[in-house]
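The primary structure of each chain is shown beneath.
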Amino acid sequence: MLAKSNSHKAEANTLFGSGNYDAAINKYDEAIAVCPNYLDYELAVLRANVSACHLKLEEWKEAINNATTALDCLDRAEKQGEDSNKSAAGNEGVEGDIVSAGAAKTTPAPSRSRADDIAKLRVKILLRRARARSELGGWANLEGAIEDYKRLEGMAAFLTPADRRTVQAQLRALPPRAKEAQEKEMAEMWAKLKDLGNGLLRPFGLSTDNFKFIKDEKTGSYSLNFQK
């Protein structure tokens, strides 16, 4: 089963390299379907590659979902302490087809330690998920991207110089975007609540304009006042 999964994965890597991302996704899915479900590290690699395909296609939600699944697999692999030599031949360079040439030149040589392999793969997955979240936008996604980049900031030993610059730049750029998105979504939510309230109060000859929130500057609390 693992040999068959690796065969599908090799085909998918070739398709990815030729820019045929939809076909690559299908082949990675075939590899996932036959991969033994206890090989969490191998499944994480496949899900990470699927996420990379969706990034290329600018399918942000799918990229986020597959990256999150890959991270869950890595967490299980780390917890279970899988044998660091298991399927080593099949995993060496597995990510080579889905990183830029510049990043490949600056990436350290593959470690024989499974813990290092997990850390390096986690970095790649977090970078992909953070980018997808940032591109998709919205308050929750932008806050999620910030959280991912903060995690990456603490993994500097496994980042290339280019990735470090990206992380720092995003940690500067994203908070204002997240705040703006929060304010916009809160304003939209209050507008919907106001419309709902007006619908409930209209039979009584009232509207939400009859109710005012007054802030107590000393305590910061609010009181609701009725005005005719």
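Overview of the structure. Predicted model, so just to flag it, every value in this text is computed and none were measured. (Residues numbered from 1 in each chain as written. Predicted model: local features only at pLDDT ≥ 70, side-chain atom pairs only at ≥ 80, totals over all residues. Heavy atoms only, no water.)

### Things to note about the overall build of the protein chain
Here is step 1 of the chain: Regarding its fold elements, the protein chain presents nine helices and two strands.
Here is step 2 of the chain: Listed N to C, the secondary structure of the protein chain is α-α-α-α-α-α-α-α-α-β-β in terms of helices and strands.
Here is step 3 of the chain: Here the protein chain holds 228 residues, and 39% of them are scored as buried.
Here is step 4 of the chain: Partitioning the contacts of the protein chain with sequence separation of at least 6, the portion at a separation of at least 24 is 61%.
Here is step 5 of the chain: Put simply, the protein chain shows about 13100 Å² of open surface, and 53% of that area lies on carbon and sulfur atoms. (Helix = DSSP H or I, 4+ residues; strand = E, 2+ residues; numbered from the N terminus. Buried < 20%, exposed > 50% of the residue type's maximum accessible area, 1.4 Å probe, protein only. Contact = heavy atoms within 4.5 Å. Areas by Shrake-Rupley, 256 points an atom, 1.4 Å probe, with all protein chains shown as cover.)

### Quick look at unusual backbone geometry
Here is step 1 of the chain: Residue E58 is not a glycine yet carries a positive backbone phi of 60 degrees.
Here is step 2 of the chain: Mapping E58 onto the fold places it in the loop between α3 (40-56) and α4 (60-80).
Here is step 3 of the chain: The class of E58 is exposed, set by a relative accessible area of 55%.

### Points about the packing of aromatic side chains
Here is step 1 of the chain: All told, the structure shown has one aromatic pair when counted by the stated rule.
Here is step 2 of the chain: Ring centres 5.2 Å apart and planes at 65 degrees place the aromatic pair F16 and Y21 in the edge-to-face group. Both residues of the pair, F16 and Y21, count as buried.
Here is step 3 of the chain: We note R114 situated over the ring of Y41; from NZ or CZ to the ring centre the distance is 4.3 Å. (Phe/Tyr/Trp six-rings, centres within 6.5 Å; stacked < 30°, edge-to-face > 60°. Lys NZ or Arg CZ within 6 Å of the ring centre and 35° of its normal.)

### Here's the deal with a nonpolar patch on the surface
Here is step 1 of the chain: Nonpolar side chains collect at one region of the surface, where M186, M189, W190, L193, L196 and L200 lie side by side and expose about 610 Å² of accessible area between them.
Here is step 2 of the chain: Relative to the helices and strands, M186 resides in helix α9 (residues 161-201). (Patch = residues over 30% accessible without salt bridge, like charges linked within 9 Å, V, L, I, M, F, W, Y side chains within 5 Å. Salt bridge = Lys/Arg side-chain N within 4 Å of Asp/Glu carboxyl O.)

Purely geometric numbers; function is a separate question.
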